[in-house]
Amino acid sequence: MEKFTTHTGVGVPLRRSNVDTDQIIPAVYLKRVTRTGFEDALFAAWRGDSSFVLNQEAYSAGSVLVAGPDFGTGSSREHAVWALKDYGFRVVLSSRFADIFRGNSGKQGLVAGVVSPEDIEILWKILETKPGTEVTVDLEARTATADDVTVPFQIDDYTRWRLMEGLDDIGLTLQEADKITAFEETRASWRPKTLPARHLPAVEIEAARPV
Amino acid sequence: MAGTLAEKVWEAHLVRRGEDGSPDLLYIDLHLVHEVTSPQAFEGLRLAGRQVRRPDLTIATEDHNTPTLDIDRPIADLTSRTQIDTLRANAKEFGVRLHSLGDADQGIVHQVGPQLGLTMPGLTVVCGDSHTSTHGAFGALAFGIGTSEVEHVLATQTLPLAPFKTMAITVNGALPAGATSKDIILAIIAKIGTGGGQGYVLEYRGEAIRALSMEARMTICNMSIEAGARAGMIAPDETTFEYLKGRPHAPEGADWDEAVEYWKTLRSDDDAQYDAEVVLEATDLEPFVTWGTNPGQGLPLSASVPVPADIADEGERETAAKALEYMGLTAGTPLRDIKVDTVFIGSCTNGRIEDLRSVAKVVKGKEKASDVRVLVVPSSARVRLQAEAEGLDVIFKEFGAEWRNAGCSMCLGMNPDQLAPGERSASTSNRNFEGRQGKGGRTHLVSPLVAAATAIRGTLSSVSDLDLPFDIDITTFDGTPLDGVGASPLGESVVVDLPIPVAGQPALR
Ligand code: SF4
């Protein structure tokens, strides 16, 4: 996972509340076997509408999403974060996130910062009056700056530390690789191993046919 | 300190105890993989430049998407084919043992582990599938995980976990004739509700559980998840050791003795404290069937479809009314009058050799009801071979049933085995959710014996509704161990070098 300290990119005002994970990425995309390439799936239901914010030239290269309250509610699908990241978003700001979405974001390197509703309104105004305005997000200082306005955001210390260190769950566990190796050395010999493979003799399996 | 079975297994796998509210790090003994929940996990490894830490503790099989007909031909459904092709490519790239469609060891992941003797007491077992709880029947701590956890286990062979709570479920007495372990678990879920086990590991114990065969115990642990539990467990005993002995991966010689000695310590101490306790009398049980759209909506077969207006709790009343509407049932109808279109015998709950034997005993020499479709799908290719060696396939075919290749099949309808909209099934599987077996399909969960009787009569029935010759002892199927899949007439187990590259121990970063 990439380390995150500061990021500057075009801010996208998403004036909607209660954007659930079905709206972020509809269920039909879940059949895919990849975890990248979901950029086309992001907000799929709205992307056909030319007035939708991401369809406007000035915002289409956005990387800082400024959304209404209760962002990411609904199912626990990790695809919601994948889709945002694949599109190019590094940061989502909202006055309230669904817990699971916020958890998934932190694990996958997307900054989910909680900003007061008043400050969200201020950011929206700036981004709407001057489309294409860049927002600078400073994770160390926990601030977002657009034009000459700087607003604070909240993110818990642990998630912030992980994001700044660029540590995903696996990275964190692998910091304790020595302990894992030490544990493995004590593993009793009766405990099973799948390799080398042991099984009964191979037998031809007859294909059943429709009756 | 006195401990429960679950706590003992947990303690034995602590790589690191969590401090200040951070989770414990638990070592995983056995990781089972299938085609639906693994593709993104493998891709995650690839993107991060990581390897599978312990391919030798990992095994994969194809089950959820596999067709049960024409398995020697290309899979027609594109999504299914992509998932299976992706698993094959990943197994090859990462050196993971895979039993593919057509291989004699292919089958539902929860059958493959036990039948190869890989599932043992005292292990931690995980799989990206909620019914991993099945393996708890051996006294293993076994639970389902999500895709990102699958990736975590592949990369580290560990999982960060917060401890579970424990619940003791004691089943006293002896099961009456015609009732099976499926009826025990359906009754438990009806009693504690689909959320009653949330956050708990359920430990089943008591006389009735001790009397069950290994396979019947698996049925119970399998459905723990339907009560919302993380896992289900049964302390190992002679029945467990008997089942394991001689299976391909079972320990041998001194290892076996050491293992058995340790396994015998795997029981909850007499003064162990559980967070919750439930007691059930087996003697009172009769065959259970579900009438609604979750596994907790079950009743004894002699009952009638509930009348929502009689339900006091408003939430439950609405749920029941909604379920009846979806199920196309009229309140007050005797359950025995419900006519079914399809009988499905299979799944990781009840698709094992004992289940097939018990069905065969009931249907032998009979003819199915003329307008009922009967599907018999063994849980693994080995189970199919065993059944054929015993002549069960002939009994099924003469009965008018379709004898299929192994897989999940109509349990979840990811392959072509589906219910049509409005079609009604009696199914030995574990979930009766709306649309589970096909869009608009209506599912009644039943035991194999009820499935067999229903296939004969065309309406939900138990074996007591049939005139069986009295020398048929149907009760033995859940009373004594009759497992035959491993130490079978098929021959000795052999060590096979798989034609896949097996990666060495990966360097850790
Ligand atoms: S048989 Fe059904 S419950 Fe079991 S693993 Fe397959 S789909 Fe899941």
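Residues numbered from 1 in each chain as written. Chains lettered and ligands numbered in written order. Predicted model: local features only at pLDDT ≥ 70, side-chain atom pairs only at ≥ 80, totals over all residues. Heavy atoms only, no water.

1. Description of the sheet that holds strand β2 (residues 64-67) of chain A
All names here are of chain A.
Stage number 1. With mixed pairing, seven strands are arranged side by side in an open sheet as β4-β3-β2-β1-β5-β6-β7. Unpaired on one side and paired on the other, β4 (111-114) and β7 (149-152) mark the two borders of the sheet. Along the sheet, successive strands turn relative to each other by an average axial angle of 30°, direction set aside.
Stage number 2. Relative to β4, strand β3 (residues 91-94) is paired through four bridges, and the arrangement is parallel. Opposite V92, over in β4, you have A112 as the bridge partner. (Pairing = 2+ DSSP bridges. Helix = DSSP H or I, 4+ residues; strand = E, 2+ residues; numbered from the N terminus. Axes fitted to C-alpha atoms, helices over the stretch in contact; angles between N-to-C directions.)

2. Section: the confidence of the model for chain B
Residue and element names in this part refer to chain B.
Stage number 1. Per-residue pLDDT for chain B averages 90, and the proportion of residues at 70 or more is 92%.
Stage number 2. Confidence over residues 477-491 falls short of pLDDT 50; this stretch has 47 contacts with residues more than four positions distant or in other chains.
Stage number 3. Every residue in residues 497-509 is under pLDDT 50, and counting partners more than four places away or in other chains gives 25 contacts.
Stage number 4. Prediction confidence for the complex, expressed as pTM and ipTM, is 0.88 and 0.90 respectively. (pLDDT = per-residue confidence, 0-100. Contact = heavy atoms within 4.5 Å.)

3. Observations regarding the site of the ligand
Residues and elements named next belong to chain B.
Stage number 1. In the neighbourhood of the ligand, the contacting residues comprise H64, I108, H110, D129, H131, S347, C348, C408, C411, L412, N430 and R436.
Stage number 2. Across the shell around the ligand, the residue classes break down as five nonpolar, five polar and two charged.
Stage number 3. Looking at which domains feed residues into the shell around the ligand, each of domain 1 (5-161) and domain 2 (290-480) gives three or more. (Near = heavy atom within 4 Å. Nonpolar A, V, L, I, M, F, W, Y, C, P; charged D, E, K, R; others polar. Domains from an automatic or database assignment.)

4. Focus: the environment of B:D417
Residue and element names in this part refer to chain B.
Stage number 1. By secondary structure assignment, the location of D417 is in the loop between β17 (402-403) and β18 (424-427).
Stage number 2. When the C-alpha atoms of D417 and L69 are compared, they prove to be 9.4 Å apart, with 348 residues separating the residues in sequence.
Stage number 3. Not counting residues within four places of it along the chain, the set of residues in contact with D417 comprises T68, L375, R404, S409, M410 and Q437.

5. Overview of the sheet that holds strand β1 (residues 14-16) of chain B
Stage number 1. Pairing is antiparallel across the open sheet formed by three strands, whose spatial order is β1-β2-β8 (chain B). The two strands at the open ends of the sheet, each matched to only one other strand, are β1 and β8 (158-161) of chain B. Each adjacent strand pair in this sheet contributes to an overall mean axis angle of 40°, direction not counted.
Stage number 2. Relative to strand β2 (residues 24-27) of chain B, β1(B) is paired through two bridges, and the arrangement is antiparallel. Bridging from a neighbouring strand, B:R16 pairs with B:L25 of β2(B).
Stage number 3. Its contacts with the sheet place helix α8 (residues 177-185) of chain A against β1, β2 and β8 of chain B, and it is angled at close to 150° to β1(B).

6. Overview of the UniProt feature "domain: Aconitase A/isopropylmalate dehydratase small subunit swivel" (unreviewed entry) in chain A
Stage number 1. Under the UniProt annotation, "domain: Aconitase A/isopropylmalate dehydratase small subunit swivel" (unreviewed entry) lies at residues 1-111 of chain A.
Stage number 2. For residues 1-111 of chain A, helix accounts for 23% and strand for 16%, while the C-alpha atoms at its two ends are 12 Å apart. (UniProt positions renumbered as here; feature names shortened; annotations may be inferred.)

7. Some words on the interface of chain B and chain A
Bring the parts together and some accessible area is lost; that lost area is often taken as the interface size.
Stage number 1. With 83 residues of chain B in contact, the opposing surface of chain A contributes 47 residues.
Stage number 2. Approximately 5,600 Å² of surface area, both sides summed, lies buried where chain B meets chain A, with 59% of it carried by carbon and sulfur atoms.
Stage number 3. Where chain B packs against chain A, one counts ten salt bridges.
Stage number 4. Put simply, B:R54 and A:E184 hold a salt bridge, and the shortest N to O gap is 3.1 Å.
Stage number 5. Seen at the junction of chain B and chain A, the total is 37 residue pairs in polar contact (both at pLDDT 80 or more).
Stage number 6. For the side of chain B that touches chain A, the residue count by class is 37 nonpolar, 23 polar and 23 charged. (Buried area = accessible area lost by both parts, 1.4 Å probe. Salt bridge = Lys/Arg side-chain N within 4 Å of Asp/Glu carboxyl O. Polar contact = N/O pair within 3.5 Å; in protein donor to acceptor, adjacent residues only side chain to side chain.)

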